[in-house]
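The lines below spell out each chain.
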Amino acid sequence: MSDDAILKLGVEGMSCASCVGRVERALKALPGVAGAEVNLATETATIRHDGSLPATAVTEALADLGYPARLAETVLEIDDMSCASCVGRVERALAAVPGVLSANVNLASSRAMLRHLDGVAPADLAAAATQAGYPARPHRDAADNAPAPDRKAGEIATLRRDLILAAILALPVFLLEMGGHMILAVHHWIAHNIGAQNSWMLQFALTTLVLIGPGRLFYAKGFPALLKGAPDMNSLVAIGTSAAWAFSTVATFAPGLLPETSRAVYFEAAAVIVVLILLGRFLEARAKGRTGEAIARLVGLQPRVARVERHGEVRERPIGEIVAGDLVHVRPGEKIAVDGQVVSGASWVDESMITGEPVPVEKQAGTEVTGGTVNGNGALVFRATRVGADTVLSQIIRMVEAAQGARLPIQDLVNRVTMYFVPAVLVVALATVGLWLAFGPEPRLTHALVAGVAVLIIACPCAMGLATPVSIMVGTGRAAELGVLFRKGDALQSLQGVATVALDKTGTLTEGRPVLTHFETAPGVDRARLLALVAGAEDRSEHPIARAIVEGARNEGIAPIAPDGFEALTGLGIQAETGGQRLLIGAARLMDREGIATGALQARAEALAAEGRSALFAALDGRIAAVIAVSDPIKDSAHAAIADLHAQGLKVAMITGDGRRTAEAVARRLGIDEVVAEVMPDGKVEALRRLGEHGPVAFVGDGINDAPALASADVGIAIGTGTDVAIESADVVLMGSGLGAVADAFAVSRATMRNIRQNLFWAFGYNTALIPVAAGLLYPLNGMLLSPILAAGAMALSSVFVLTNALRLRRLRPATPQPARQRGDEPRPVPAAAQ
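Criteria and thresholds
- Residues numbered from 1 in each chain as written.
- Predicted model: local features only at pLDDT ≥ 70, side-chain atom pairs only at ≥ 80, totals over all residues.
- Heavy atoms only, no water.
- UniProt positions renumbered as here; feature names shortened; annotations may be inferred.
- Pairing = 2+ DSSP bridges.
- Helix = DSSP H or I, 4+ residues; strand = E, 2+ residues; numbered from the N terminus.
- Expected span 1.5 Å × (residues − 1).
- Buried < 20%, exposed > 50% of the residue type's maximum accessible area, 1.4 Å probe, protein only.
- Salt bridge = Lys/Arg side-chain N within 4 Å of Asp/Glu carboxyl O.
- Core = buried A, V, L, I, M, F, W, Y, C linked by side-chain atoms within 4.5 Å.
- Contact = heavy atoms within 4.5 Å.
- Axes fitted to C-alpha atoms, helices over the stretch in contact; angles between N-to-C directions.
- Lys, Arg positive; Asp, Glu negative; His and termini not counted.
- pLDDT = per-residue confidence, 0-100.
- Parallel < 35°, antiparallel > 145°, perpendicular 65-115°, else oblique.
- Left-handed = near helix turned anticlockwise from the far one by under 90°.
- Nonpolar A, V, L, I, M, F, W, Y, C, P; charged D, E, K, R; others polar.

- Labelled according to an unreviewed UniProt entry, the chain appears under the name P-type Cu(2+) transporter, originating from Paracoccus siganidrum.
- Taken from UniProt, the Sequence similarities (unreviewed entry) comment for the chain reads in full: "Belongs to the cation transport ATPase (P-type) (TC 3.A.3) family. Type IB subfamily."
- Its UniProt record gives the chain the following Catalytic activity (unreviewed entry) comment, quoted word for word: "Cu(2+)(in) + ATP + H2O = Cu(2+)(out) + ADP + phosphate + H(+)".

The structure is reproduced here in structure tokens:
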């Protein structure tokens, strides 16, 4: 088998970079696994394997490790089962789907109950049964339109409850102990009304409730990980708070075991540390929920029900029940449920949520519609062509999810560091305690405890693990909103190193639809009749220039006159005969071959060519009759996009098969730095290689005939059409037809990588700088010893800072000004002056 099977799943209980490392190592050790990537921000794992990896092996390995896989259950409605052998075939087909743990099929109810990893889509399960010959669909009950429970919302609610309970219990402990230290009147009040011993016993009771209640998760995960020789953040918190609690408990109930100078309690430290770390996790969970808003908005674009016509009856059905071939009715203002082709009706559809281009698109019989877009004032009936996971919106969601879960090369450095970080912290904490006991001033034991606990708490590597994935999540999500889809995650990092952006001309810089711009006749020639003759002759040709001339005549209301005879002159032009007159249409070399003097029109043809237009001549009965100019209009968005690329310090090149003179004229108008002209399609790869001698190159093409160049460039950027996003050759796909998103792609890449570097600097710098302070480095200088409570607050603040910094990417503005992005790049008609 080939190493190309992919298994995705959610993983519970990860809280820091060391957790990520442990899970990755465990998954990579499973038989048949070629690679595994774990993402802390999305709390998911992606496993590449040879196809022989059972889901049970994955769940067992993760359960043994203490990080259980998230599981889900799905019920399928299955048709056409008639006997026990049918049940067996369906069960075997469902059990073979990667990620399925169990499949139970009931013949009487025609349903299948499946237990599987939460990364398995119900649509894929239904497809497996359908392919086995038993049509299936996900079961929907009376509440089928209710949204699925939000796992992150549930996590936030649990953390909020634990945080509030811990704070209520810890507040009296903090007031009793710290109030007595800081305010003399409080100290006397406690001594006279409660008594020091009773105060300590009350603190013991409340703190114990905090640790075994809201704080239990740290011990349930931390100590088993420590015993297995793979300590994580929970281990550090568990050891630190347990040490403070145990020391204080001995001081309370067996003070004789401690030197008199060390008889003090630190219950408030243990309790408040739990509160602060729960606060940090609560804020992290809320921020993580916001990082996934891009996916949530994309999912929200899809309506839950649609009006479907079957057997002449129109009924409202859940979109999960729509199949290809169904007729779907759309009222004015409704969202279009799935992709399809209009059968009847006419309307304008807002496709901005898919393409980023706000101008509504006209829809009528024969045109395609895309699921998630919004119908205008007309009513439409369309035939569903792509449903479920095959729709454009589903493809976009998958691409965004893949990009958000990607691991950039920079993450490997983080993983190598964090693999050894927690064990190193434990060593530093033990060394700190030992040094204080050996060389510290009295009370040595107290100082050793405070410094050791502070080191353990402040060094938790939460921020390290979050630094990269949260920035990727927010950055790629914002990119999707700007119409930029990163198909390959490492393209997000690769783009920032690009030196040259090479753009294809036809269909990328230009519309790809040539139009007639000039038809200028010699003196004494009837322009309308000649244009009718030329259009009639060109109507026999399928060449794009011929199509442009025919369309130009029809736009002027001139009907083409069909020729009596027609002949294509290979490489020169065409020859036709109409009403006894001989018509020649072609380039200057055809006129030269026929001995026809072009006269004054020659200078005009040269001027038009210098403007980037393709100039042709028409001759009638051996005499020059007209000069014809056809141009592929430059997209309005091209000017602003190239200016933005230059502003980002990038060199811009154009690669085209056009003649050098025409190509250079276009380059001058756009301010392009380098032109590679007269290149055949298979020569683009060599052109990119030459451009790459001066640094990495990104190639921007239309994704249709540029596949080799897109694949060979350091970064391939394909311009999609809004209905063709699965462009396999590209690293990045731009949803709209305009070029504004090209500059946006580079801007997002640079902003995201800058954000990642800021996060990593803060995370590593924070730990590097504060561990020595927590150990007591400043004590000999100014008597300062960092409180474990302050250490816990600083640790929580570090993670919150990283998340908040990443969320700033949501406010990233388009590189190209909005007016330039919104202009409709429509072909321009023949100028009046040329008529």
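From this point, the narrative continues.
### What to know about the sheet that holds strand β9 (residues 313-318)
- Spatially, the six strands line up as an open sheet ordered β9-β8-β10-β16-β11-β14, and their pairing is antiparallel. Each edge of the open sheet is held by one strand with a lone partner, namely β9 and β14 (368-369).
- Strand direction decides the pairing type here: strand β10 (residues 327-330) and strand β16 (residues 380-386), joined by four bridges, are antiparallel. Counted as the bridge partner of Val 330 is Leu 380 from β16.

### Quick look at helix α30 (residues 788-807)
- Under the 1.5 Å per step criterion, the end-to-end length of α30 is 29 Å for 20 residues, consistent within 8% with the ideal 28 Å.
- Of all the 20 residues making up α30, 14 are buried; the element is thus mostly covered by neighbouring parts of the structure.

### A short note on the pattern of salt bridges
- Taken as a whole and judged by the stated rule, the model has 22 salt bridges.
- The salt bridge partner of Glu 77 is Arg 111, with a shortest N-O separation of 3.4 Å. In this pair, Glu 77 is assigned in strand β4 (residues 71-78) and Arg 111 in strand β6 (residues 111-117), connecting sequence segments 34 residues apart.
- Residue classification places Arg 111 among the partly exposed positions, given a relative accessible area of 32%.
- Residues Arg 593 and Glu 594 are paired through a salt bridge, measuring 2.9 Å at the closest nitrogen-oxygen approach.
- What makes Glu 594 partly exposed here is its relative accessible area of 28%.
- What emerges from the salt-bridge pattern is a single network uniting Glu 43, Arg 70 and Asp 118.

### Looking at the environment of Ala 597
- Along the chain, Ala 597 turns up in the loop between α22 (588-594) and α23 (600-610).
- When the C-alpha atoms of Ala 597 and Gly 622 are compared, they prove to be 9.1 Å apart, with 25 residues separating the residues in sequence.

### Thoughts on the nonpolar core
- Judged by nonpolar contacts, the single largest core of 169 residues is most densely connected at Leu 27, Leu 94, Phe 486 and Phe 746.
- Tallying contributions element by element places helix α28 (residues 740-775) first for this core, with 14 residues.
- Aside from chain neighbours lying at most four places away, what touches Phe 746 is Leu 495, Val 498, Val 501, Leu 645, Gln 648, Leu 650, Ala 698 and Ile 717.

### What about the sheet that holds strand β28 (residues 715-719)?
- Spatial strand order, β17-β29-β28-β27-β18-β25-β26: seven strands in an open sheet with mixed pairing. With partners counted over all chains shown, the strands left at the sheet margins are β17 (484-486) and β26 (674-676), one partner each. Direction aside, neighbouring strands of the sheet carry axes that sit 20 degrees apart on average.
- Pairing of strand β27 (residues 697-701) with β28, which is carried by four bridges, proceeds in the parallel orientation. Paired with Phe 699 across the two strands is Gly 716, which belongs to β28.
- Against the sheet, α28 makes contact with β17, β18 (500-504), β27, β28 and β29 (732-734), and its axis sits at roughly 50 degrees relative to β17, the strand it touches most.

### Some points on the side chain of Glu 538
- With respect to the helices, strands and loops of the structure, Glu 538 is situated in helix α20 (residues 527-538).
- No salt bridge is formed by the buried Glu 538, whose closest oppositely charged neighbour, Arg 547, lies at an N-O distance of 7.2 Å.
- Once residues within four sequence positions are removed from consideration, Glu 538 is found in contact with Ala 546, Arg 547, Ile 549, Val 550, Ile 574 and Ile 585.

### Some remarks on the confidence of the model for the chain
- Put simply, the chain has an average pLDDT of 82, and 88% of its residues get 70 or more.
- By mean pLDDT, the top-scoring element of the chain is β10 (94), and the lowest-scoring one is helix α31 (residues 818-822) (44).
- A low-confidence stretch, residues 141-149 stays under pLDDT 50, and its non-local contacts, those more than four residues away or across chains, total four contacts.
- Overall, residues 818-835 carries pLDDT values under 50, and its contacts beyond four positions in sequence, including any with other chains, amount to 41 contacts.

### What about the UniProt feature "transmembrane region" (unreviewed entry) in the chain?
- Those residues carrying the UniProt feature "transmembrane region" (unreviewed entry) are residues 163-190, 202-223, 235-258, 264-283, 417-439, 445-468, 760-779 and 785-807 in this numbering.
- Along residues 760-779 one finds 85% helix and 0% strand; the C-alpha atoms at either end are 28 Å apart.

### Considering the packing of helix α15 (residues 444-458) against α28
- Contact geometry for α15 and α28: axes closest at 8 Å, N-to-C directions at 170 degrees. Between α15 and α28, the crossing angle belongs to the class labelled roughly antiparallel. Remark: the crossing between α15 and α28 carries right-handed chirality. Contacts between α15 and α28 pair Ala 451, Ala 454, Val 455 and Ile 458 from the former with Tyr 766, Asn 767, Leu 770, Ile 771, Ala 774 and Ala 775 from the latter.
- Taken together, the residues that form the contact of α15 with α28 break down as nine nonpolar, one polar and no charged.

### Observations concerning unusual backbone geometry
- Put simply, Glu 442 and Pro 443 share a cis peptide bond, and its omega is -10 degrees.
- Residue position: Pro 443 is located in the loop between α14 (409-439) and α15.
- Here the phi dihedral of Asp 621 falls at roughly 55 degrees; this positive angle occurs in a residue that is not glycine.
- Following the sequence through the fold, Asp 621 ends up in the loop between β23 (614-620) and β24 (623-631).

### Some thoughts on the environment of His 694
- As for its position among the elements, His 694 is in the loop between α26 (684-691) and β27.
- Sequence separation of His 694 and Thr 500 is 194 residues, and the distance between their C-alpha atoms is 8.2 Å.

### What about the side chain of His 447?
- As for its placement among the helices and strands, His 447 is situated in helix α15.
- His 447 sits in the buried class, given a relative accessible area of 11%.
- Beyond its immediate chain neighbours, meaning those up to four positions away, His 447 contacts Trp 436, Pro 441, Glu 442, Tyr 779 and Leu 785.

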